[in-house]
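# Commentary on secondary and tertiary structure
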Amino acid sequence: MDFADSPDEAAFRRRLRAWLSAHNPGLPPSSTSDEYWAGQAEWHRALYDAGFFGLSWPPEIGGHGLPSVYEAIVDEELATAAAPPRPSLGYLVQGILRHGSEDIQRRFLPGIVNGQERWCQGFSEPDAGSDLAALRTRAERDGEDFVLVGHKVWTSYSDEADWCLLLARTDPDAERHRGLSAFAVSMHQPGIEQRPLRMINGITKEFGELLLDGARVPASDMIGPPGGGWRLAMTVVSHEREPGELGYVARYGEVVGELLERARQDPLRLDDEQRRDLAWAMVETDMLRHHVSRRLSERLDGISHGPEGSIDKLLMTAVEQQVGHAALALGGAGHGGSDDTWLKAYLYSRAQSVMGGTSEIQRNLVATRILGLPTS
Amino acid sequence: MDVRLSAEQEALRDSVAQVAGRLGCPTTRDLDDGERRAKLDAAVEASGWRELRAPGDDGGPLASGVEVALVAEELARGLADAAFVGPTLAADLRRRAGGSTASGRETVALTADLTGLAVHGAGSGPAAGVVVDASAADAALVLVAGDDRRLAVAEVGGMLDSVDLTRPQATIGPIRSSPDERRAGPLVDGDLIRWTALGLSLSCADLVGTMRGAAELATAYAKERRQYGAAIGSFQAVQHLLADAIVATEGSRSAARHAAWAVDALEPGDALVAATSAKAYCARAARSVCEMAIQVHGGIGNTWDCLAHVYLRRALLSIDLLGGIGPSLARVLDAAGVGGGRGLR
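Within any chain, residue numbers begin from 1 and follow the written order of that chain's sequence. Chain letters start at A and ligand numbers start at 1, both assigned in the order the entries are written. Per-residue local features are limited, in this predicted model, to residues with pLDDT of at least 70; the limit for side-chain atom pairs, both in listing and counting, is 80 or more; totals at the level of whole chains, interfaces and linings are taken over all residues.

### Details of the overall build of chain A
To be explicit about the condition: Each helix is a run of H or I in the DSSP string that is no shorter than four residues. Each strand is a run of E no shorter than two, and both are numbered from the N terminus. Throughout, the radius of gyration refers to the C-alpha atoms, and the reference size of a globule is 2.2 Å times the residue count to the power 0.38. Burial is judged by counting other C-beta atoms within 10 Å of a residue's own C-beta: 20 or more means buried, 12 or fewer means exposed, and anything between counts as partly exposed, with every C-beta placed from the backbone. Throughout, a pair of residues is in contact if the C-beta atoms placed from their backbones lie within 7 Å.
The number of helices and strands found in chain A is 12 helices and eight strands. Relative to the compact-globule value of 21 Å for 376 residues, chain A shows a C-alpha radius of gyration of 21 Å, a close match. Expressed as lengths along the three principal axes of its C-alpha atoms, the size of chain A is roughly 70 × 45 × 45 Å. In chain A, which comprises 376 residues, the share counted as buried stands at 48%. Relative to all contacts within chain A whose residues are 6 or more apart in sequence, the contacts with residues 24 or more apart total 70%.

Laid out in structure tokens, this is it:
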């Protein structure tokens, strides 16, 4: 049992560090700003071209076939160098790898991995949030195509996307989980209107909503079998719950490091609440780093990720929100027009207990699927 | 990086779990069963687990911090009322001091608030503090006053009430004057730091085991206790209490595993910071998980006969062992250069 780098991992880390010292794009190092989202595509391609992206994915689609541990090293080194985080595309890759036909995989995965094609995710709807299976967007067969009508929200990066991984109802008569299918829908067509959503911290680029009114998708771009949409969605959301997949822990560590730097300038000025929030942010970030190490190691056994992803998501949420509290406590709320960077980080942290499945839903899943408690 | 347990570590864990399951305390009545306790003590003694930190052929410990943490965790989970953490800490100190090996059953004596080793003053009068893990102990190691690098051996005095019903405490008796016993030491730089890291990481592991046991107890009860015509475990409010307990337990397990590895793998100062950070996390989590177990049991949970308070009490001892939440957070801040000399409570 060893938390330290193996010789191969250490060599990889050195190579990455050297590359980063010359290629840091100087974007904001966090995902809380529009400037980051605007420059993300170029950053993705730079990482890919240098051999630092898609490390754990199969070589056939442009990956490197390495253990996931290498992606954690990338996350750590990006954070250490104050470089922007890598794009989180594991949910797409895993969903398509697991459910898409060979033809679908060959056509779509290389472009996702190399960053030439941008994707968004069209799952949630105004009346289908936690209750995703209530979604009403229709896909009706018309010759060789399906025609789409509906309304999607929380469609991340919808304004930048070339493609949308869309969940729609293809069989209105089937039991509600079984009537859903997944599609790769081109965003470059009439019949799709994209609107940005402005979040509580002011950013407008990360989330959008889609109005679908007669957009078309070829039947051959269905991912998985007809009625297989729910299973694909479950793969996708389970990957959205894994801190190892998302690389967030390195980002939290970076924020804590900046807060510490600020605190060191005049430690005696900190009040007890500030010190307490800072100390817990450090302790919880440490815990999450080790938890991710544990989960990434378990993956070496090929353990498939089931309901314990909900535990991981709840841990990650608690850490992000504690770090948010520390950011607010030390950075202040931007009174009198002062710097509001930390206020924005705090506000952004509130979304973590909602996105990718609310904390309440995660607790339900832990209770019923891990603890085996009866459903009422 | 690969933090999976080795096959040997898994086997060790399983054998401890088996002993704790067979001879631990599944009910409060078992606490008074002296025959069972003697069998448990004999099984632990025969296993050699208490000597894992004694010197091997190369002078280093027979086993790393990871192995002793696995033992502590499984013993706590089964509420095994046999000494382990105390004797392990004594064996580790003995090895570092390079003196003769312990005779009989030795543990350690700590200051009254349990935050560090007890210090023996001038003369042969008893040191101030308390002998921990005093079950079946006949000696306790203390530090010599004015020389924090030298150890002395104290007798074990009279038994004291302990918050923890599974791990009794005792007063510190007179210092043994046998010259052989005093030859141990001196400790070198970093010894006490690493020893403290070991003690903190063992207390984290003990807390993880305690949390697992308490959460399992409460989960089983929630499946069987019925109100309003349904198992209370079917109600979302109860489910979320139990879910939060599992989440806190799993986070603690990850932090504790890293701390246990760090004891021998990192530089002493870094090992101590790792253990301190883990301790703060595990201490907060353990109290809340054990309180949850009482809450889920309702009125019964507040009675002596329910096992839930035995877990809480075991946690309350482990929490304070070598520093609880306040001292740990203060130490974390100090190590990061934002101490400012003020502790947090």
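From this point on, the discussion continues.
### Observations concerning the domain arrangement of chain A
Residues and elements named next belong to chain A. Cut-off, in case you're wondering: Note that the domain bounds were set by an automatic or database domain assignment. Under the convention adopted here, Pro, Cys and the residues Ala, Val, Leu, Ile, Met, Phe, Trp and Tyr are nonpolar, Asp, Glu, Lys and Arg are charged, and Gly plus all remaining residues are polar.
Taken domain by domain, chain A holds domain 1 (7-87), domain 2 (117-227) and domain 3 (241-370). The C-alpha-based centres of domain 1 and domain 2 are spaced at 29 Å. Counting from both sides, the interface comprises six residues of domain 1 and, opposite them, eight residues of domain 2. For the side of domain 1 that touches domain 2, the per-class residue count stands at three nonpolar, two polar and one charged.

### Here we look at the interface of chain A and chain B
With 42 residues of chain A at the contact, the number on the chain B side is 44 residues. Listing elements by their share of the side of chain A that touches chain B, those giving two or more residues are α8 (248-264), α9 (272-298), α10 (308-331) and α12 (359-370) of chain A. If you tally residues by element for the side of chain A that touches chain B, the top one is α9 of chain A, at 15 residues. Across the side of chain A that touches chain B, the residue classes tally to 22 nonpolar, eight polar and 12 charged.

### Quick notes on the packing of α10 of chain A against α12 of chain A
All names here are of chain A. Counted only if it meets this: Under this scheme, a helix contributes an axis fitted over its contacting stretch, all axes are lines through C-alpha atoms, and angles between N-to-C directions fall in the 0 to 180 degree range. We call a crossing left-handed when the near helix sits turned anticlockwise from the far one by less than a right angle, and right-handed when that turn is clockwise.
Contact geometry for α10 and α12: axes closest at 8 Å, N-to-C directions at 145°. With respect to the hand of their crossing, α10 and α12 are arranged in left-handed fashion. Across the interface between the two elements, Glu308, Ser310, Ile311, Lys313, Leu314 and Thr317 from α10 touch Ser359, Gln362, Leu365, Val366 and Ile370 from α12. Considering only residue class, the contact of α10 with α12 consists of five nonpolar, four polar and two charged.

### What about the packing of helix α3 (residues 65-77) of chain B against helix α6 (residues 191-224) of chain B?
All names here are of chain B. At a minimum axis separation of 7 Å, α3 and α6 run at an interaxial angle of 35°. Seen from above, α3 lies across α6 with right-handed handedness. Contact with α3, carried on its side by Gly65, Val68, Ala69, Ala72, Glu73, Glu74, Leu75, Ala76 and Arg77, involves Leu198, Ser201, Leu202, Ala205, Asp206, Val208, Gly209, Thr210, Arg212 and Gly213 of α6 and no other residues of that element. The class makeup of the residues in the contact of α3 with α6 is nine nonpolar, five polar and five charged.

### Quick notes on the domain arrangement of chain B
All names here are of chain B. Taken domain by domain, chain B comprises domain 1 (7-182) and domain 2 (191-335). When each unit is reduced to the centre of its C-alpha atoms, the spacing between domain 1 and domain 2 is 21 Å. Counting residues at the interface gives 33 residues for domain 1 and 32 residues for domain 2. Every element with two or more residues in the side of domain 1 that touches domain 2 is listed here: α3 and α4 (85-97). When residues of the side of domain 1 that touches domain 2 are assigned to their parent elements, the largest contribution, 10 residues, is made by α3. For the side of domain 1 that touches domain 2, the per-class residue count stands at 14 nonpolar, 10 polar and nine charged.

### Some points on unusual backbone geometry
Phi at Trp154 of chain A takes a positive value of approximately 60°, unusual for a residue other than glycine. Looking at where Trp154 of chain A falls in the secondary structure, it is placed in the loop between β3 (145-152) and β4 (163-169). Classification of Trp154 of chain A as buried rests on a count of 21 C-beta atoms within 10 Å. Phi at Tyr228 of chain B takes a positive value of approximately 55°, unusual for a residue other than glycine. Looking at the element boundaries, Tyr228 of chain B is found in the loop between β7 (226-227) and β8 (230-231).

### Looking at the environment of Arg107 of chain A
Position of Arg107 of chain A among the secondary structure elements: in helix α5 (residues 102-114). Each C-alpha atom of the pair Arg107 of chain A and Glu35 of chain A lies 30 Å from the other, and the pair is 72 residues apart in sequence.

### Points about helix α3 (residues 69-80) of chain A
One turn of an α-helix holds 3.6 residues; hence residues three or four places apart share an orientation. All names here are of chain A. The test is simple: Multiplying 1.5 Å by the helix residue count minus one yields the expected span of that helix.
The end-to-end C-alpha distance of α3 is 17 Å, a good match for the 16 Å that 12 residues give at a rise of 1.5 Å each. Of all the 12 residues making up α3, 10 are buried; the element is thus mostly covered by neighbouring parts of the structure. Residues of α3 that are buried: Val69, Tyr70, Glu71, Ala72, Ile73, Val74, Asp75, Glu77, Leu78 and Ala79. Taken together, the buried residues of α3 touch α1 (7-23), α7 (243-246), α8 and α9. Immediately beyond the C-terminal end of α3, within one or two residues, lies Ala82, with a positive phi of roughly 55°.

### Digging into the environment of Cys204 of chain B
Tracing the backbone through its elements, the reader meets Cys204 of chain B in helix α6. Separated by 32 residues in the primary sequence, Cys204 of chain B and Gln236 of chain B place their C-alpha atoms 30 Å from one another.

### Structural notes on the nonpolar core
Heads up, the condition is: What we call a nonpolar core is a set of buried Ala, Val, Leu, Ile, Met, Phe, Trp, Tyr and Cys residues whose membership is set by joining through C-beta atoms within 7 Å.
If you look at the biggest cluster of nonpolar residues, it comprises 178 residues, and the most contacted ones within it are Ala109, Ala140, Val142, Leu242, Cys282, Val289 and Ala293 of chain B. If one sorts the elements of this core by residue count, helix α8 (residues 268-296) of chain B sits on top with 17 residues. Residues contacting Ala109 of chain B, with those up to four places away along its chain left out, are Ala118, Ala127, Gly129, Val130, Val131, Ala140, Leu141, Val142, Ala154 and Ile172 of chain B. In this structure, Leu166, Leu167, Ala168 and Ile192 of chain A belong to the second largest nonpolar core, which totals 40 residues.

### Things to note about the pairing of strand β1 (residues 119-122) of chain A
Residue and element names in this part refer to chain A. Here is the rule: A pair of strands counts as paired when DSSP detects no fewer than two bridges linking them.
Alternating positions in β1 separate into two faces, Trp119 and Gln121 on one and Cys120 and Gly122 on the other, with burial throughout. Pairing between β1 and β4: four bridges, direction parallel. In the sheet register, Gly122 faces β4, and the bridge partner there is Leu166.

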